[in-house]
Structure formats: structure tokens, C-alpha cells
Amino acid sequence: MAYQHQAIEKKWQHYWEEHQTFKTSTDMDKPKYYVLDMFPFPSGQGLHVGHPEGYTATDILARMKRMQGFNVLHPMGFDAFGLPTEDYAIKTGANPKDVTATNVKNFRRQMKALGLSYDWSREVNTTDPKYYKWTQWIFEQLYKKGLAYEDKIMVNWAPDYNGGTVVANEEIIDGKTERGGYPVYRVPMRQWVLKITAYADRLLEDLEDLDWPEAIKEQQRHWIGRSIGAAVNFAVEGQDEQIEVFTTRADTLFGATYLVLAPEHELVEKIVTPEQADAVTAFKAAIASKSDLERTDLNKDKSGAFTGSYAVNPINGEKLPIWIGDYVLASYGTGAVMAVPAHDARDHEFAKKYDLPIRQVIAGDGVTDAPYTGDGAHIQSDFLNGMDTEEAKTAAIYWLTEHGVGQKKVNYRLRDWIFSRQRYWGEPIPVINWADGTKTLVPEDELPLRLPETDNIMPSGTGESPLVNIEDWVNVTDEQGRHGKRETNTMPQWAGSSWYYLRYMDPHNPDVLVDPKVEAYWQNVDLYVGGAEHAVLHLLYARFWHKILFDLGVVTTKEPFQKLANQGMILGSNHEKMSKSKGNVVNPDDVVAEYGADTLRLYEMFMGPLEQSIAWSEDGLAGSRRWLDRVWRLVIDDDNQLRDHVTTVNDHQLDRVYHETVKKVTAHYADLRFNTAISQLMIFVNEAYKADNLPVEYVEGFIKLLYPVAPHMGEELWHYFQPEMSVQKADWPTYDEAKLVEATVEIVFQINGKLRGKAQMAKDASKEAMIEAALADENVQRQLAGATPKKVIAVPGKLVSIVV
Ligand code: ANZ
């Protein structure tokens, strides 16, 4: 009978659950292996076929490592706070908590149907008060260390979206909300901010020791954006004001021909002359709604306005006009630049547009039509003349420092982390604002501060969170009768995911985030797999919190995720991103029903290298199923019995391919090269079909190798051999290096020095066996034609020489 995937997969899933096959041991005597998936947001759509790709990869590692004797931590949970659920709840009138519970149930069902070997007893959910108690606790530690503060920050305000909502940068497309397309305006609003910039250097330096894809490390470096340059002070002519600029090119100071301030720079109002006031005001109004990204886009037209005032270049006393311009950001450096149009592209474009002077200070191509950004000898630069860029930078900064008008400065692109959202479905920030203007944290022993249940989660309309309307939650009175109001902002979705990997180690501990002994055992994640879209935010925030917890002594490792791998995207069969609107979405439930989870797992691992994006192929899927059927028929006959050729006798025909398969598959799994591991399994099956016998020891070994990819079929085949235990409890197969070398050689048969025959023989065949084979050879017999040889000599491993 053909392989019955539906019944067999259910049977083993049931068995695993009943026997708690994947439960992580709490004994700490075995070596540990922590393999983690990025936990999903439980959306209403359920799992997508992209999810099982990474999940199968980690599942293979988890299953192999258990068989290799490791205590494996392979958990799963849900990152369930956030906008999509809140929006859905607002739209349908449902409660976000109920929506989350329904979606989580569906996700869990789908994951179990895929045969993923999670220890479900450790499941976490970021919306569970028992979990977010610790998210709030971490916030309190940050606050106590002065790493959480409040500030007025520009936010994206969409007054028409659900009666007035603040949206995150990532939720805006072309100045409109991604959902609904409502217009967005930039307005200042009070926000909680976390001082991630205080950790910039450590976040940068500790990247070096991580086994992460270089591209991801590079994105993090870019995001942190450490740049070493100088701060230079320019006096404003006729006023007692200074403008500090940040430049990475102090060497070009003699080429500065004007200054540009960000339109929001605080000095603008002070220095603008009456004649220029209208122009400056009009310009500011025109750019108010542009995002930073649009303003610094190199391809966008640069514009600005003259303030009417002048600054003095400290190095040569020259008078430089002060402009404001859209390409200078208030939030970077000092919000002011010295413009060197001869050697900087943006300055050049601006100078051309407003007819400002361009002065070349580095020898090279002419600079009238385009800036020269290369290196070369400095010219028109007084004491810097003749020096190259690096020499001139050092000399200029030395001069500035000596004269007290500047100094070396390190600047970061990284900004502090805006940590509040004006929404309902998030962790409450455990702060009380008292009527007397003071602030206190909710005492640690009163955590969690629970999110109040309410039927009204519509935004307040004022830009504040819907929580402001829940008066009996918001208003508090202390023992002295003092009145206060709870903070109504909630935490951003990134909060709960910034430390969840630690909770899996000790998920039910009511007293501490993680028991120090347990943490010391599990340390950090050995392998973390997820999509490359999390390259920066999630991975940077988690690294930041981990370092805070390290400083607090809660964790003993410097970094949370030692090795990182990204899975590619599974595209639609038309090579486009899968999306509902394109009608090319494949639902894993359908695949599991028709072909089985093992087929889906095998197919996704065999499609190509894990990190590559590949289009879905129905043919490929069917091919994977056909191969599994071929494996089944190799071992099991039509009556569901072991085939006759499965025997306890090993005739050594499969020695070499078997040992090679064990070696290669083991190494390829460990290197996450699943497609090449599967190719090797296929080679073995082909050879096994050609062999006369199938030694039991090799079938068992092969089942163990197949099992991590196709665990249901693995268990089903295994129970023909060892019905009393799961394959998961067996030892991983080993190989014998000696068996990998070519075991047979070609022996040639000569008669009177002429080649008359040959045969493939064991390398160590005896002289007698060789002679016997030579004399029995058909060709040799024909040549001898009955004559008795005078002499027969065998040279082991080479030839048999017959003389007649
Ligand atoms: C003069 C100069 C001459 C510059 C030259 C560059 C080339 P990174 O490397 O990204 O740190 N800059 C400084 N603050 C800015 C702001 N708030 N908005 C926009 N641009 C700003 O870039 C630093 C350079 O970007 C600085 O060096 C400054 O221009 C500009 F041939 O100063 B430079």
C-alpha cells in the first residue's frame, strides 16, 4: 500500500505529544544547545508557507542535536501585541485579547501539523501579564539607570485615522498611512525615549565576535553609523552667537563658502534678518510635511533660503552667508553644516541652484560642473597645502583645537529609541505622574501593571492613547491622599521581542526573569533563524537590552544570539512576492492535507540554499512527495511488511556510500546546507535500489538521517525495527573514515604480457582469490583454449600475469 501520510502524520504527532518527546530536560549535566526561531506575530491569516522554511531548518538542527546527546532548548511563542490586531479589533468590535487567543490557537495547530518539535510547555506570549511583568521590570531598570527619559519628539499624526492616531515611520507610505491611506502630519508630542545611543560603541564593537551574515552586520554598522570628524565653531557676525557644525572633512575648511542650518535649528529665529524673514517663513512652511528620508534623498531637488546673516570662518576669517536648507537634518550632528561645494555633491547642487561660490581646495578634476570627491594634494589651503586628505584632517583638527575653535568629534547616526505608542494594545508603561509634577515607578512587587479591559479601544482623538478614557485605571491616589495619573502611553511592539529568548529558559519562574543558575547553563542562543527584514530594529533592540541585563548581572553573556542565519523569501510561482491581491498565496494547510507535512518540509529544504529567495513550484512539491514514496517502497512492500532484501547480512556493497552519506549529511545539516544534505540522501537511495541486499544497520542509519527532515516517515519506518522507542531517542549514526576510501580496485589479467581481461576486486583480495578469478575469467579461458599455464603470478591490488 502506498504511504498514507494523513493517518501516519497524525499518529506520530499524537505519540510525541503523549510521550513529551521534545520536552527540554531541566537537568544541567548534558551539554546544551539552544536553537531558536523568530517567534511570529499571530495574524488572522495564519501561517504562510514562508514560515515553515526557517522553522524546518531549526527543527532539523534540534532533532539532530538531541540524537547527538545535547539537551536541546527549542521553544516557540507569540509576539502578540501590536497594530494589526488592534486595528482588526476596532474594525470588527472584537476584543484584542480574544482575537489574539483565536489566532494563537490556529498558529499552534498549524505548527503541530508541520511536526515541529517544540517544547510547548515553555510557550511564551508577550501579551500575557505573567510575561509582560518582566518587560515592565526591564523598563523600570532602564528608568533607574537614567536610560529612559521623556522628550518632545516629532511624531506622525494622522487625525483622520480611527479618529486620530499616531503612526510609526514604517506605517507611512508617501505621506499617507499604509492602512487606509490617511494623510500624516509631523507634530511634536511627549514621548518616552530609551538611550540606546549610550550603548552605540558596544553595539558596534561586539558585532565582531558574532557568527552572523556579513550583510546583516554591515546593516547594523550602517544604522549605528559611527563617523569620526570634528566640531567647528563659526561666530555669527555682529551677534554674540556661535554655530557649531559637524564635519567629517575638516581638511576642506578653506573651501567652505557658506553655512547651512536645518530649518528647525534653534538659531534660525535669532539670526534671520527682517528682509529675509518672509522668505525663511515661507520655506519652512513648504517643507514641514517632508520626512527626513525625503529631505536627504540624493535624487530630490535641494532647496533653501538665505537668512540674511553671515558667519566667520575661524581658519581664515572669511565671511560666509548663512542659509537654511532642506538637506540638512536637525537630528544629525549639530544640525548645521559648513558647505564645501567643490568637494561635496549636495553642497555642489545647492551652490549651483542659488549661485553660491565654489572654491576648489583639492587638486584633481575641475569643480565647476561637478564636485571632485577624490583624494589629492590640498591647494588654496594655506598651511594644509600639499597634504593629502588624512594628513590635512589631522593638521586642521590640531589647529582648531589649539585655537579653541573646534575639536575632534565622534558622531553617530543612531538615534535614541522612541519607546511609546499612543495605542491600547501594548504593555502599559509602569509610571505614575503625580499632581505635584513628580513621577514614580509602579513598585516592582506590584508588577505586572495590567492592561485594563475595556470595550472602547478607539483612539482618544487627542493623539493620546485610548487608555486616557479609562478613568478608574488612570486616576490613582496614594496613602497620603496625593493624586496622580498613570502613564497612558504603551510600549512599542519591539519591547516584548527584545528579551523573549531569555524567558524560554525559565518560563514559569514567578520570582525572577530567569534563575541565575538556569541562565548560566543556557547562556545565549546558539542558532537563531529568521527573516533578513529584522536585520536592524529587532536585532539591535534585543542586543541593547541584553547588554543592559548584562550590566545588571541578569545575564552572563555579552550577546544574545551567537549565530544568526536568514532564510530567503518563498515567492509565488510567478516569481512575485506572495500576496492576497496577487492571488498567489499558498496555504501550508492545503499542502499538508494533500501531500503531507514531511513533503512540505522536504520540499522547502530541497528548493535551494536556505538564504536564497526561490519561487514556489507545484512540480517541485510533487517531486518531493515522489521521492518519499520511493524511500518508502525501498523498505516496505505492498503488504506493509519489510521487504525481503532487508537483511541482517552485510555484503559490503553499500559500505562506501553509506559511510559517505553519514559523514556528508551530518556535516551539511550542521552547516545549514540542507539541500546538499538531501541530495546525498538521494544518492544513497539510488545505490540502495541497485544493491542486492539492504543491511538492517544501514537502513536504520539512513532512517536516522532522514528523520530530521521527514520525522513522521522516519518514525513510521523506524518502528518496524525498534518498535519500543522513538527514533528521537536513538543515537546519531557514526561513520568509519576507513570505509570512505575506494574499497575495490581494477585487477588486470595478462597472458604472456598481453591484456586479456580485467575485474573489479576488493582492494585487499588475496593472491589465491585473484588467481582464481583470473583463471575463471571468460576471456582468459578462451585465450588459454584449454592449455595449462606454465606460471601464474599475482601482484595484489594490481594484476595477474599468466605465462603459457
Ligand atoms: C564639510 C564637508 C566637505 C562634508 C566635504 C562632506 C564632504 P557622515 O559621514 O554621514 O557622518 N552633515 C553634517 N551634519 C549634517 C546634517 N545635520 N544634515 C546633513 N548633512 C550633514 O557625514 C558627515 C558630513 O555630512 C559632514 O561633513 C557634513 O558635510 C554633512 F567635502 O562637512 B561635511
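Residues numbered from 1 in each chain as written. Predicted model: local features only at pLDDT ≥ 70, side-chain atom pairs only at ≥ 80, totals over all residues.

1. Re the site of the ligand
Stage number 1. Around the ligand sit 19 residues in total, of which S227, T247, R249, G333 and H343 are the nearest.
Stage number 2. At the level of secondary structure, the elements contributing two or more residues to the shell around the ligand comprise β11 (242–247) and β15 (336–339).
Stage number 3. Partitioned by chemical class, the residues of the shell around the ligand number nine nonpolar, eight polar and two charged. (Near = placed C-beta within 6 Å. Helix = DSSP H or I, 4+ residues; strand = E, 2+ residues; numbered from the N terminus. Nonpolar A, V, L, I, M, F, W, Y, C, P; charged D, E, K, R; others polar.)

2. Section: the packing of helix α18 (residues 597–606) against helix α21 (residues 674–690)
Stage number 1. At a minimum axis distance of 7 Å, the contact between α18 and α21 shows a crossing angle of 115°. Looking at the two axes, α18 sits roughly perpendicular to α21. For the pair α18 and α21, the contacting residues are L602, M605 and F606 in the first and F674, N675 and I678 in the second.
Stage number 2. Of the residues in the contact of α18 with α21, the class split is five nonpolar, one polar and no charged. (Axes fitted to C-alpha atoms, helices over the stretch in contact; angles between N-to-C directions. Parallel < 35°, antiparallel > 145°, perpendicular 65-115°, else oblique. Contact = placed C-beta atoms within 7 Å.)

3. Describing the sheet that holds strand β23 (residues 564–567)
Stage number 1. Strand order in the open sheet made by the four strands is β2-β1-β22-β23, with parallel pairing throughout. Taken across any chain shown, the strands that pair with only one partner, and hence form the sheet edges, are β2 (71–73) and β23. The average angle at which neighbouring strand axes cross in this sheet is 20°, direction not considered.
Stage number 2. As paired strands, strand β22 (residues 527–531) and β23 are joined by four bridges and run parallel to one another. Looking at β23, one finds that Y528 is bridged to L564.
Stage number 3. Relative to the sheet, helix α2 (residues 51–67) contacts β1 (32–37), β2, β22 and β23, its axis offset from that of β1 by approximately 170°. (Pairing = 2+ DSSP bridges.)

4. Details of the UniProt feature "domain: Methionyl/Leucyl tRNA synthetase" (unreviewed entry) in the protein
Stage number 1. Feature annotation in UniProt assigns "domain: Methionyl/Leucyl tRNA synthetase" (unreviewed entry) to the following positions: residues 40–160.
Stage number 2. End C-alpha atoms of residues 40–160 are separated by 30 Å, and the span's content is 50% helix alongside 15% strand. (UniProt positions renumbered as here; feature names shortened; annotations may be inferred.)

5. Here we look at the pairing of strand β18 (residues 431–434)
Stage number 1. As paired strands, β18 and strand β19 (residues 439–441) are joined by three bridges and run antiparallel to one another. Within the sheet, the bridge partner assigned to N433 lies in β19 and is K439.
Stage number 2. Two strands pair when backbone bridges link them, and β18 and strand β21 (residues 483–486) are joined in this way by three bridges, in the antiparallel orientation. Bridged to W434 within β21 is G484.

6. Concerning the domain arrangement of the protein
Stage number 1. Looking at the protein, the domain boundaries give domain 1 (5–128 + 494–582), domain 2 (226–412), domain 3 (607–739) and domain 4 (742–803).
Stage number 2. Listed as interface residues are 25 residues of domain 1 and, on the opposing side, 25 residues of domain 3.
Stage number 3. The element best represented in the side of domain 1 that touches domain 3 is α2, accounting for seven residues.
Stage number 4. Classifying every residue of the side of domain 1 that touches domain 3 gives twelve nonpolar, ten polar and three charged. (Domains from an automatic or database assignment.)

7. Here we look at the packing of helix α20 (residues 655–670) against α21
Stage number 1. Two elements in contact, α20 and α21, have axes separated by 8 Å at closest approach and are oriented at 165°. Between α20 and α21, the angle falls in the class roughly antiparallel. Note on packing geometry: the crossing formed by α20 with α21 is left-handed. Contacts between α20 and α21 involve V657, Y658, T661, K664, V665, H668 and Y669 from the first element and F674, T676, A677, Q680, L681, I683, F684 and E687 from the second. (Left-handed = near helix turned anticlockwise from the far one by under 90°.)

8. Let's talk about unusual backbone geometry
Stage number 1. Here L447 and P448 are connected by a cis peptide whose omega angle stands at 5°.
Stage number 2. Relative to the helices and strands, P448 is located in the loop between β19 and α13 (471–474).
Stage number 3. A positive phi angle, close to 55°, is found at Q523, a residue other than glycine.
Stage number 4. Structurally, Q523 is set in the loop between α15 (516–522) and β22.
Stage number 5. You will see that H575, though not glycine, has its phi angle at about 65°, which is positive.
Stage number 6. Relative to the helices and strands, H575 resides in the loop between β24 (570–571) and α17 (588–594).
Stage number 7. Residue H575 is classed as exposed on the basis of its C-beta count, with 11 C-beta atoms lying within 10 Å. (Buried ≥ 20, exposed ≤ 12 C-beta atoms within 10 Å, placed from the backbone.)

9. Structural notes on the environment of I432
Stage number 1. Along the chain, I432 turns up in strand β18.
Stage number 2. Separated by 42 residues in the primary sequence, I432 and V474 have C-alpha atoms spaced 8.9 Å apart.
Stage number 3. For I432, the residues in contact, after removing those within four places along its chain, are K439, T440, V442, V476, G484 and R486.

10. Overview of helix α16 (residues 537–551)
Stage number 1. For α16, spanning 15 residues, the distance from its first C-alpha to its last is 21 Å, which sits close to the expected 21 Å at 1.5 Å a residue.
Stage number 2. Judged by how many residues are buried, α16 sits mostly within the fold: eleven of 15 residues are covered.
Stage number 3. The elements touched by buried residues of α16 are α5 (129–144), α6 (200–205), α7 (214–224) and β17 (417–418).
Stage number 4. Following α16 by one or two positions, G553 has its phi on the positive side, about 80°. (Expected span 1.5 Å × (residues − 1).)

11. Focus: helix α23 (residues 711–718)
Every α-helical turn comprises 3.6 residues, leaving residues that sit three or four positions apart pointing alike.
Stage number 1. With eight of eight residues buried, α23 lies mostly within the body of the structure.
Stage number 2. Along α23, the residues classified as buried are P711, H712, M713, G714, E715, E716, L717 and W718.
Stage number 3. Here the buried face of α23 lies against α1 (5–19), α2, α18, α19 (618–635) and α22 (696–706).

12. Focus: the sheet that holds strand β29 (residues 754–762)
Stage number 1. Strand order in the open sheet formed by four strands is β29-β28-β31-β30, and the pairing between neighbours is mixed. The outermost strands of the open sheet, each flanked by one partner alone, are β29 and β30 (791–795). The mean inter-strand angle of the sheet, taken between neighbouring strand axes irrespective of direction, is 15°.
Stage number 2. Looking at chain direction, β30 and strand β31 (residues 799–803) are connected through five bridges and run antiparallel. Within β31, the position partnered with A794 by the bridge is V800.

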